[in-house]
Amino acid sequence: MEEEIIRVLEEYHIELIVLAGFLRILSQNFTTRYAGRILNVHPSLIPSFCGEGYYGLRVHEAALQKGVKVTGATVHFVNEIPDGGEILLQKAVEVLPGDTTEILQRRVMEQAEWVILPQATEQVSKQLAERKYKL
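Residues numbered from 1 in each chain as written. Predicted model: local features only at pLDDT ≥ 70, side-chain atom pairs only at ≥ 80, totals over all residues. Heavy atoms only, no water.

**Student:** Would you take a moment to explain the overall build of the chain for this structure?
**Tutor:** Broken down by element type, the chain carries four helices and four strands. In sequence order, the secondary structure elements of the chain are arranged as α-β-α-β-α-β-β-α. Here the chain has a C-alpha radius of gyration of 16 Å; the compact-globule value for 135 residues is 14 Å, and the two agree. A principal-axis box enclosing the C-alpha atoms of the chain has dimensions of 55 × 30 × 20 Å. Long-range pairs, those at least 24 residues apart, make up 61% of the contacts in the chain with a sequence separation of at least 6. Element-wise, carbon and sulfur atoms account for 54% of the exposed surface of the chain, whose accessible area totals about 8,200 Å². Side chains of the chain carry 14 positive and 18 negative charges; the gap between the two charge centres is 3 Å. (Helix = DSSP H or I, 4+ residues; strand = E, 2+ residues; numbered from the N terminus. Rg over C-alpha atoms; globule rule 2.2 N^0.38 Å. Contact = heavy atoms within 4.5 Å. Areas by Shrake-Rupley, 256 points an atom, 1.4 Å probe, with all protein chains shown as cover. Lys, Arg positive; Asp, Glu negative; His and termini not counted. Charge placed at Lys NZ, Arg CZ, Asp CG, Glu CD.)

**Student:** In this structure, what is going on with a nonpolar patch on the surface? I would like to understand it.
**Tutor:** Together, V8, Y12 and I14 make up a nonpolar patch on the protein surface, roughly 270 Å² of accessible area in all. What makes Y12 exposed here is its relative accessible area of 56%. (Patch = residues over 30% accessible without salt bridge, like charges linked within 9 Å, V, L, I, M, F, W, Y side chains within 5 Å. Salt bridge = Lys/Arg side-chain N within 4 Å of Asp/Glu carboxyl O. Buried < 20%, exposed > 50% of the residue type's maximum accessible area, 1.4 Å probe, protein only.)

**Student:** Help me out: how do you make sense of unusual backbone geometry in this one?
**Tutor:** Note: most residues except glycine have negative phi, and most peptide bonds are trans. Going from I46 to P47, the amide bond is cis rather than trans, its omega being 25 degrees. If you check the backbone angles, L23 has positive phi at about 55 degrees while not being a glycine. Of note, L23 is situated in the loop between β1 (17-19) and α2 (28-33). Although it is not a glycine, D83 sits at a positive phi angle of roughly 60 degrees. Along the chain, the position of D83 falls in the loop between β3 (70-77) and β4 (87-94).

**Student:** What is the right way to look at helix α4 (residues 101-133) in this model?
**Tutor:** The terminal C-alpha atoms of α4 lie 45 Å apart, and with 33 residues this matches the ideal 48 Å at 1.5 Å per residue to within 8%. Along its length, α4 shows its largest kink, about 45 degrees, at M109. When α4 is considered as a whole, its buried residues turn out to be T101, L104, R107, V108, A112, E113, I116, L117, A120, V124 and L128. Check the buried side of α4 and you find it contacts β1, β2 (38-42), α3 (57-66), β3 and β4. (Expected span 1.5 Å × (residues − 1). Bend = angle between axes of the 7 residues up to and from the residue.)

Right under this line is the structure:
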């Protein structure tokens, strides 16, 4: 699978990869090849509720089970460690009484993920462009 992704990325000269709901762990070979050019959004405030096995509703279920009062989202660079790359942006979201995993997931998406992912993408795109065209 990664070989085909690399082929398409190279063919179209893609410089920035944004993972949002990709739900696959990329190999170290892949993440090293595109170091500093792969972004992911994770539905918690890393380092809480992250790493292998923490994705989708599982993250929100864990937050509710733990009884946290605040959760949120994190945009980070992707490396060989699941959710282990450098953090770029985070945004907190309040956990409300009566929240279900689905309600909390939706609030985190609307109030955090959909806000900080475009911000981080623009930020990194500008940095890549500056490096590319720097004289």
